[in-house]
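Residue strings, one per chain:
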Amino acid sequence: GAVVSQHPSWVICKSGTSVKIECRSLDFQATTMFWYRQFPKQSLMLMATSNEGSKATYEQGVEKDKFLINHASLTLSTLTVTSAHPEDSSFYICSAVGLAGWVTDTQYFGPGTRLTVL
Amino acid sequence: GQSLEQPSEVTAVEGAIVQINCTYQTSGFYGLSWYQQHDGGAPTFLSYNALDGLEETGRFSSFLSRSDSYGYLLLQELQMKDSASYFCAVSHASGGYQKVTFGTGTKLQVIP
């Protein structure tokens, strides 16, 4: 159980275009989903915290107008990178916490989406 | 803010035991987690300590000392497939939410 999927797994786009990444919890309801970004050989950096039905909370330095997050249901959150530029090229990973997740603090990670902006 | 320190690289021999240490500074501490990440893959959850002491899960054990702001991950009977990056992560309160901040990661290389 506790499977999180991401789509697409990789995407290549032209500079200036927008890219949408989906994160789904397949077999549990996720009250909270997190979006991380990881550059090569670096750690995961939290971009935003997404709670179902409310606005996302963005980390300092993350532009909310550039990285649009929607958490429309307990099983789906989307991240849209608007007007992507080459410096946005990175590995984007989502994670989800279930209703009882904070007891064990288990975050279930999606497989990640590798974005390359040309 | 939060800060975590762990060694950047560790090399160990197949079949041996290796310990990866993590020290942290944070406010509103809830617990310490460990994640494994193979190159090109997503992190996978290994363990979580909210209380002092040792948690054992198969070949992996994790320890926490809240008073020392210190924890470690112990890997026994190392296998080649254990070669990966290992991240410690603290769960902490922030702005009314519970968040997780990751360390910089330790790259473990298991050699024959």
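For the structure, check the block above.
Residues numbered from 1 in each chain as written. Chains lettered and ligands numbered in written order. Predicted model: local features only at pLDDT ≥ 70, side-chain atom pairs only at ≥ 80, totals over all residues. Heavy atoms only, no water.

## Side note on the sheet that holds strand E7 (residues 67-73) of chain A
Residues and elements named next belong to chain A.
Phase 1 of the analysis: The strand order across the open sheet formed by four strands is E1-E3-E8-E7, and the pairing between neighbours is antiparallel. Edge positions in the open sheet fall to strand E1 (4-7) and E7, since each of these has one partner strand only. Recorded for the sheet is a direction-independent mean angle of 15° between the axes of neighbouring strands.
Phase 2 of the analysis: The sheet contact formed by strand E3 (residues 19-25) and strand E8 (residues 76-81) spans six bridges and is antiparallel. Bridging across to E8, Arg24 finds its partner in Leu76. (Pairing = 2+ DSSP bridges. Helix = DSSP H or I, 4+ residues; strand = E, 2+ residues; numbered from the N terminus. Axes fitted to C-alpha atoms, helices over the stretch in contact; angles between N-to-C directions.)

## Topic: the nonpolar core
The tendency in soluble globular proteins is for nonpolar side chains to be buried as a group.
Phase 1 of the analysis: Membership of the largest hydrophobic core comes to 24 residues, with the highest contact counts inside it found for Trp35, Phe67, Leu79, Tyr92 and Leu115 of chain A.
Phase 2 of the analysis: Of all the elements in the fold, those that place two or more residues in this core are strand E2 (10-13), E3, strand E4 (30-38), strand E5 (45-51), E7, E8, strand E9 (90-98) and strand E11 (113-117) of chain A.
Phase 3 of the analysis: Sequence-distant contacts of Leu79 of chain A, that is, excluding residues within four places in its chain, are made with Val19, Lys20, Ile21, Trp35, Phe67, Leu68, Ile69 and Tyr92 of chain A.
Phase 4 of the analysis: Counting 22 residues, the second largest nonpolar core, distinct from the first, contains Val10, Tyr24, Leu46 and Ala84 of chain B. (Core = buried A, V, L, I, M, F, W, Y, C linked by side-chain atoms within 4.5 Å. Buried < 20%, exposed > 50% of the residue type's maximum accessible area, 1.4 Å probe, protein only. Contact = heavy atoms within 4.5 Å.)

## Regarding the environment of Ser15 of chain A
Residue and element names in this part refer to chain A.
Phase 1 of the analysis: Relative to the helices and strands, Ser15 is located in the loop between E2 and E3.
Phase 2 of the analysis: A relative accessible area of 37% means that Ser15 is categorised as partly exposed.
Phase 3 of the analysis: C-alpha of Ser15 to C-alpha of Met45: the two residues are 30 residues apart in sequence and 23 Å apart in space.
Phase 4 of the analysis: Apart from residues lying up to four places away in sequence, Ser15 is in contact with Ala84, His85, Pro86, Val117 and Leu118.

## Quick word on the interface of chain B and chain A
Phase 1 of the analysis: In this complex, chain B contributes 18 residues to the contact, which on the side of chain A involves 23 residues.
Phase 2 of the analysis: Between chain B and chain A, roughly 1,600 Å² of surface is buried when both sides are summed, and carbon and sulfur atoms account for 55% of that area.
Phase 3 of the analysis: Where chain B packs against chain A, one counts one salt bridge.
Phase 4 of the analysis: With a closest N to O distance of 2.6 Å, Lys99 of chain B and Glu59 of chain A form a salt bridge.
Phase 5 of the analysis: Joining chain B to chain A, the criterion identifies three residue pairs in polar contact (both at pLDDT 80 or more).
Phase 6 of the analysis: Of all the secondary structure elements, the ones that give two or more residues to the side of chain B that touches chain A are strand E4 (29-37), strand E5 (44-49), strand E9 (84-94) and strand E10 (97-102) of chain B.
Phase 7 of the analysis: Counting residues per element, the side of chain B that touches chain A draws most heavily on E10 of chain B, which supplies five residues.
Phase 8 of the analysis: Residue composition of the side of chain B that touches chain A, grouped by class: nine nonpolar, eight polar and one charged. (Buried area = accessible area lost by both parts, 1.4 Å probe. Salt bridge = Lys/Arg side-chain N within 4 Å of Asp/Glu carboxyl O. Polar contact = N/O pair within 3.5 Å; in protein donor to acceptor, adjacent residues only side chain to side chain. Nonpolar A, V, L, I, M, F, W, Y, C, P; charged D, E, K, R; others polar.)

## Regarding the sheet that holds strand E1 (residues 3-5) of chain B
All names here are of chain B.
Phase 1 of the analysis: Judged by pairing direction, the sheet is antiparallel, and its five strands sit side by side in the order E1-E3-E8-E7-E6 without closing on themselves. The open sheet has two edge strands with one neighbour each: E1 and strand E6 (53-57). Across the sheet, the axes of successive neighbouring strands diverge by a mean angle of 20°, strand direction being ignored.
Phase 2 of the analysis: Direction of pairing for strand E7 (residues 60-65) relative to strand E8 (residues 70-75): antiparallel, over a ladder of six bridges. Residue pairing in the sheet places Phe60 in a bridge with Leu75 of E8.

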